[in-house]
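Chain by chain, the residues run as shown.
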Number of protein chains: 2
Amino acid sequence: MTVISELVAALAPEKVLTDPDVTDSYARDRTFLEPGRPLAVVLAHTRDDVVAVMRWATEHRVPVVPRGAGTGLAGGATAVEGCVVLALHKMTAIRELSPADETAVVEPGVITADLDRAAREHGLMYAPDPSSYEISTIGGNLATNAGGLRCVKYGVTRDSAMGLEVVLADGRVINTGRRTVKGVTGYDLTGLFVGSEGTLGVITAATVRLRRAPSVYPATIAAEFTSLRDAASAVSAIIAAGCQPSLMEMLDRNTLKAIDDWRNIGLEDSTRAMLIAQSDAVDGPAVSERMAELCTANGAAFVAVSSSAQEAEELIGVRRMAYQAKERLGKCLVEDVCVPRSLLPDMIEKIEAIAVKYDVLITTVAHAGDGNLHPVFIFDHALTEPPPQVWAAADELFRETLRMGGTLTGEHGVGLLKRRWLALETGPVTEEIHHGIKRVFDPLGILNPGKAI
Amino acid sequence: MTVISELVAALAPEKVLTDPDVTDSYARDRTFLEPGRPLAVVLAHTRDDVVAVMRWATEHRVPVVPRGAGTGLAGGATAVEGCVVLALHKMTAIRELSPADETAVVEPGVITADLDRAAREHGLMYAPDPSSYEISTIGGNLATNAGGLRCVKYGVTRDSAMGLEVVLADGRVINTGRRTVKGVTGYDLTGLFVGSEGTLGVITAATVRLRRAPSVYPATIAAEFTSLRDAASAVSAIIAAGCQPSLMEMLDRNTLKAIDDWRNIGLEDSTRAMLIAQSDAVDGPAVSERMAELCTANGAAFVAVSSSAQEAEELIGVRRMAYQAKERLGKCLVEDVCVPRSLLPDMIEKIEAIAVKYDVLITTVAHAGDGNLHPVFIFDHALTEPPPQVWAAADELFRETLRMGGTLTGEHGVGLLKRRWLALETGPVTEEIHHGIKRVFDPLGILNPGKAI
Ligand SMILES: Cc1cc2nc3c(=O)[nH]c(=O)nc-3n(C[C@H](O)[C@H](O)[C@H](O)COP(=O)(O)OP(=O)(O)OC[C@H]3O[C@@H](n4cnc5c(N)ncnc54)[C@H](O)[C@@H]3O)c2cc1C
Ligand SMILES: Cc1cc2nc3c(=O)[nH]c(=O)nc-3n(C[C@H](O)[C@H](O)[C@H](O)COP(=O)(O)OP(=O)(O)OC[C@H]3O[C@@H](n4cnc5c(N)ncnc54)[C@H](O)[C@@H]3O)c2cc1C
């Protein structure tokens, strides 16, 4: 038997795809990175399918690349040459949803927004909401420790992960964490798997925390500024005043211009930045008035304040157009630096200076309340990868971020894309530890090799 | 040179204690466990002291037991024979406190409540508040992932830990995590060290998250019930109604009796349980009225509602007396089980049944909102360790907890005390992984050997 026919025998023919035209579409994520050619793609339907793949892969030392929806922006799910892509998007059961415990047990292929909708039927919500939440999976969110718009108030995916079922590299299954709110038995393996980008094990189920859904629509403001620094000052003022926004996003002029060119939002010539903020607190309308005042006090030229759910939706709608608007301009190298919140204005000015210095188009949106910025470097659609000046600009961005005490990636992960800068942030001893931990879980190095660490 | 004189030479004579009368007081925590005899106690004043100890310990293969304030309830800081106790309570600097970033950088010996007080000067707070917060250290809180009264709303110590400086077993120093709100570079080593009970490294500094201090005093209720199950039902009702209490503690009759015998709180004969709940939200008084109604609807015989900060303090004061009141009754085996919140009533009934079955006095307080119970098994002052029926009762408690999908320890840690039950919860594969991780950090096994895993 060939290696692949053994795999087919262990699963079922329809679960193993080998036609290159088909497998190619599972070999990529949302980056421009050219994948290696996979040997096969497995569509896992059950945990036992995953166990069978990992046993087989261990026996034959075949690399395995776990994959959720492939919406990643770091190359984490990019196929490596001769691998099996282990696709988990068919495992979509919400096995349990307990309103009393405010928990759910879900399979990895559940779409993030579907879980949130299921929770809302019980007056609850699933808080982590990456902008991709209508297309990304919970498994992918866990493996990247995804952030989102609400995380300024509710934290990242890690903060909603209570326990995991994980298939190890050799096919053994462990359960980490717990179904209880608290617990300190043993080392925090749940935390270790979250954000490990498929390099330590394959997540086949998760117990996640739900929260009470706010009883009111999020009172929303959108403020326009003629200076980016003013907008950043408004962010600091809103935090310092204790407004506790449930969302606080900032868009630079280049982003607004891309959106305006596409959808005509009536952008003023003088507008350099927009700040969108929400409060989902019971006194949200009062808080949003206060946030609007603070924007004005910090130089906002214009502030819109929602007075209905629909108006709120319209104001935040601009933010939702950002990614698609950018993709129309060219190919995108999406970056994800995060700095201490107080340094947001400095970082924003630095990005503008880098754009001028290297003559590249950078459009930036920021999860401003978290100090997390997404400078997107736009380059020619015709190119297969970023030209040298884009890499040079990105390199300067990373070094500047670390100099400010920041981190290379706030929420997207290291994947393949950021690996060459990784050592700058972690240093040699931590790197040694990362590889030591990797060996404990995956001594043969078959799980998503060459990624994350 | 003797081994100890080398240690003295590497530090300074006054930092190395060897007089058995003195070292004995550093050899124990708050459990009844008899410690081994330490070779010496080191009073570390700086990170470099810690580095020197670990280098020396690695060279001579001497076990090292890190120690904060020794308030632990699991035997984590209990000295092992021939060890060095590495005491960190002299490292008390708050190196930095940034109101703009809502972060602080602290040394491990800082007393928990001191950090909270420092934060309050800037309108901020340090949320994790174990009942021991006036006597425990941040380092100990991190190493045990301590919970507290406020964690029903604000999470456990882990949720406030952003980054750590850690001295490894061989004296090398790493920095984990970050100073930013978010970040996903590399594996989550911060989470791994938190709760690892000094078995993976010595924490010499931490970057912690501060939060806005509530602008109002916590509106407080205290409800008396003639049935424990009614009190537990009220807990569920309060959660289900979305009240989001910032504290929710339950005391059983035995606990109330111990407090009444000591301080005369006017306990009614018919009272079987008391529920104390707080809301620190802006609409706290309205929320507390709502919580009071829910208590009444669930059978409360009497509900007091605070109408001033002082009344709130008086109501919660009863809870603060619990531990000392129990210590007057005898020696205490303090347990720390945690069950899914919805099973709180079942667990409480089970504890009552166990008390009867084994004829032991059990007094229980619970962080009810978290499903975390502290059944305290009282035994004779004259005994050095719990009599067989107490161990048998504890054994049944643990097995019942696991059967309910709970965990052996919600916040105190495994230490020495719970090690014999550990495998019941983790299983053999996870145990193998724990030991694999331990070897990555501490290949010679000198860091707090025999604890936690
Ligand atoms: C328009 C758009 C907006 C976005 N906005 C955000 C945002 O706001 N915040 C944010 O954090 N990200 C955002 N992203 C990035 C991306 O959506 C997230 O990284 C998401 O978590 C990836 O989920 P996925 O299911 O697509 O995973 P994939 O891309 O398929 O995989 C991501 C990584 O997880 C691993 N993996 C996937 N499933 C498993 C599993 N079950 N077990 C083990 N490993 C697994 C893969 O190997 C890979 O390393 C955005 C992307 C797009 C295209
Ligand atoms: C009256 C009372 C009430 C309590 N209430 C609570 C409560 O509400 N919630 C709760 O969680 N706990 C509670 N505890 C338990 C105890 O206070 C906590 O476990 C606390 O976190 C221990 O801190 P410590 O500084 O005393 O640590 P220690 O007892 O000295 O040490 C605890 C563990 O941490 C390790 N350690 C200490 N410092 C370091 C360091 N710098 N680096 C690495 N390892 C280190 C030790 O080796 C040991 O394993 C209570 C205890 C008492 C006596």
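Residues numbered from 1 in each chain as written. Chains lettered and ligands numbered in written order. Predicted model: local features only at pLDDT ≥ 70, side-chain atom pairs only at ≥ 80, totals over all residues. Heavy atoms only, no water.

J.: Which residues make up the environment of Pro388 of chain B, and what values go with them?
T.: Note that Pro388 of chain B resides in helix α14 (residues 388-403). For the pair Pro388 of chain B and Tyr358 of chain B, spaced 30 residues apart in sequence, the C-alpha to C-alpha distance is 9.7 Å. (Helix = DSSP H or I, 4+ residues; strand = E, 2+ residues; numbered from the N terminus.)

J.: Hey, could you go over helix α13 (residues 344-358) of chain B for me, with residue numbers and the actual values?
T.: Residue and element names in this part refer to chain B. Relative to the 21 Å expected for 15 residues at 1.5 Å per residue, α13 spans 21 Å between its end C-alpha atoms, a close match to the ideal helical length. The complete set of buried residues in α13 reads Leu344, Pro345, Met347, Ile348, Ile351, Ile354, Ala355 and Tyr358. In this structure, the buried side of α13 is in contact with α8 (228-240), β13 (247-252), β17 (361-367), β18 (372-379) and α14. Just downstream of α13, Asp359 is the residue with a positive phi angle, here 55°. (Expected span 1.5 Å × (residues − 1). Buried < 20%, exposed > 50% of the residue type's maximum accessible area, 1.4 Å probe, protein only. Contact = heavy atoms within 4.5 Å.)

J.: An account of the nonpolar core is needed here, citing residue identities and associated values.
T.: Of all hydrophobic cores here, the largest spans 58 residues; its most connected members are Ile437 and Phe441 of chain A together with Ile437 and Phe441 of chain B. Every residue in contact with Ile437 of chain A, bar those within four places of it in the chain, is listed here: Leu192 and Leu200 of chain A together with Tyr187, Leu189, Leu192, Val440 and Phe441 of chain B. (Core = buried A, V, L, I, M, F, W, Y, C linked by side-chain atoms within 4.5 Å.)

J.: Quick rundown of the environment of Gly198 of chain A? Include the residues and the values.
T.: All names here are of chain A. You can see Gly198 is positioned in the loop between α7 (189-193) and β10 (202-209). Residue Gly198 is classed as buried on the basis of its relative accessible area, which comes to 8%. As a C-alpha pair, Gly198 and Lys451 span 253 residues in sequence and 8.5 Å in three-dimensional space. Discounting chain neighbours no more than four positions away, the residues touching Gly198 are Pro66, Ala143, Leu447 and Asn448.

J.: Can you lay out the environment of Glu121 of chain A for me, pointing to particular residues and giving the numbers?
T.: Its place among the elements puts Glu121 of chain A in the loop between α4 (112-120) and β7 (124-125). Along the sequence, Glu121 of chain A and Pro99 of chain A sit 22 residues apart, while their C-alpha atoms lie 9.8 Å from each other.

J.: Tell me about the interface of chain A and chain B, and name the residues and values.
T.: The interface of chain A with chain B comprises 70 residues on the first partner and 70 residues on the second. Contact between chain A and chain B buries roughly 5500 Å² in total, counting both sides, with carbon and sulfur atoms accounting for 61%. Per-residue buried area on chain A facing chain B is highest for Lys182, Val184 and Tyr187 of chain A; these three make up 17% of the total on that side. Our count for the contact surface shared by chain A and chain B stands at 10 salt bridges. Counting the contacts that link chain A with chain B gives 26 residue pairs in polar contact (both at pLDDT 80 or more). When residues of the side of chain A that touches chain B are traced back to their parent elements, those giving at least two are β9 (173-177), α7, α8 (228-240), α15 (419-426) and α16 (428-441) of chain A. For the side of chain A that touches chain B, the element with the most residues is α16 of chain A, which contributes 10 residues. Class assignment for the residues of the side of chain A that touches chain B results in 26 nonpolar, 27 polar and 17 charged. (Buried area = accessible area lost by both parts, 1.4 Å probe. Salt bridge = Lys/Arg side-chain N within 4 Å of Asp/Glu carboxyl O. Polar contact = N/O pair within 3.5 Å; in protein donor to acceptor, adjacent residues only side chain to side chain. Nonpolar A, V, L, I, M, F, W, Y, C, P; charged D, E, K, R; others polar.)

J.: Can you lay out the pairing of strand β8 (residues 161-167) of chain A for me, pointing to particular residues and giving the numbers?
T.: Residues and elements named next belong to chain A. Among the 7 residues in β8, 7 count as buried, and that is most of the element. The pairing of β8 with β10 spans 6 bridges and is antiparallel. Looking at β10, one finds that Val167 is bridged to Val202. Judged from the 5 bridges that link them, β8 and β9 form a sheet pairing that is antiparallel. From the neighbouring strand, Val166 faces β9, where its bridge partner is Ile174. With antiparallel pairing between neighbouring strands as the criterion, β8 and β9 make up a hairpin whose turn holds 5 residues, including Gly171 at a positive phi of roughly 95°. (Pairing = 2+ DSSP bridges.)

J.: Could you give an account of the side chain of Thr430 of chain B, naming the residues involved and the relevant values?
T.: Note that Thr430 of chain B resides in helix α16 (residues 428-441). Judged by relative accessible area, which is 6%, Thr430 of chain B ranks as buried. The residues contacting Thr430 of chain B, other than those within four sequence positions of it, are Ile174, Asn175 and Leu189 of chain A.

J.: Can you explain the pairing of strand β2 (residues 40-43) of chain B? Please cite residues and give values.
T.: Residues and elements named next belong to chain B. Here β2 shows a buried face lined by Ala40 and Val42 and a second buried face lined by Val41 and Leu43. Two strands pair when backbone bridges link them, and β2 and strand β4 (residues 84-87) are joined in this way by 4 bridges, in the parallel orientation. Looking across to β4, one finds that Val41 is bridged to Val85.

J.: Explain the packing of aromatic side chains to me, and be specific about the residues and the numbers.
T.: Summed over all chains, the structure comprises 10 aromatic pairs over all chains. Ring geometry for Phe32 of chain B and Trp391 of chain B: centres 6.3 Å apart, planes at 65°, overall edge-to-face. Placement of Phe32 of chain B in the loop between α2 (20-24) and β2 and of Trp391 of chain B in helix α14 is noted, with a sequence separation of 359 residues between them. Accessibility assignment for this pair places Phe32 of chain B and Trp391 of chain B in one class, buried. Among the aromatic residues, those joined into a cluster by ring pairs are Phe32, Phe379, Trp391, Phe398 and Trp421 of chain A. (Phe/Tyr/Trp six-rings, centres within 6.5 Å; stacked < 30°, edge-to-face > 60°.)

J.: Any details on the site of ligand 2? Residues and values, ideally.
T.: Residue and element names in this part refer to chain B. For ligand 2, the set of nearby residues contains 34 residues, the closest of which are Pro66, Gly68, Thr71, Ser132 and Thr137. Measuring from an oxygen atom of ligand 2, one finds a side-chain N or O atom of Thr137 at 2.6 Å. One of the backbone N or O atoms of Gly140 is found 3.3 Å from an oxygen atom in ligand 2. Residue assignment for the shell around ligand 2 shows that the elements contributing at least two residues are β3 (64-67), α5 (138-144) and β10 (202-209). For the shell around ligand 2, the element with the most residues is α5, which contributes 5 residues. By residue class, the composition of the shell around ligand 2 is 12 nonpolar, 18 polar and 4 charged. There are two domains that each give the shell around ligand 2 at least three residues, and those are domain 1 (3-87) and domain 2 (94-212). (Near = heavy atom within 4 Å. Domains from an automatic or database assignment.)

J.: Explain the side chain of Thr176 of chain A to me, using residue names and the numbers behind them.
T.: Residues and elements named next belong to chain A. Relative to the helices and strands, Thr176 resides in strand β9. A polar contact is formed between the side chain of Thr176 and the side chain of Thr190, at a distance of 2.9 Å. Thr176 has contacts with Met162, Gly163, Leu164, Leu189, Thr190 and Phe193, leaving out every residue within four places of it along the chain.

J.: Quick one: what's the story with the UniProt feature "domain: FAD-binding PCMH-type" (unreviewed entry) in chain A, residue by residue and with numbers?
T.: Under the present numbering, the feature "domain: FAD-binding PCMH-type" (unreviewed entry) in UniProt falls on residues 34-213 of chain A. Between the end C-alpha atoms of residues 34-213 of chain A there is a gap of 41 Å, over a span that is 22% helix and 25% strand. (UniProt positions renumbered as here; feature names shortened; annotations may be inferred.)

J.: Got a sec to walk through the relation of the copies chain A and chain B? Specific residues and values, please.
T.: By a simple turn and slide, chain A fits onto chain B: the slide is 0.0 Å along the axis, the RMSD is 0.0 Å, and the turn is 180°. In the structure described here, the two chain copies are related by an operation that fits a two-fold rotation axis. The share of interface residues of chain A whose copies in chain B are also at the interface is 100%, consistent with both copies meeting through the same surface. (Least-squares fit on C-alpha atoms with pLDDT ≥ 70 in both.)

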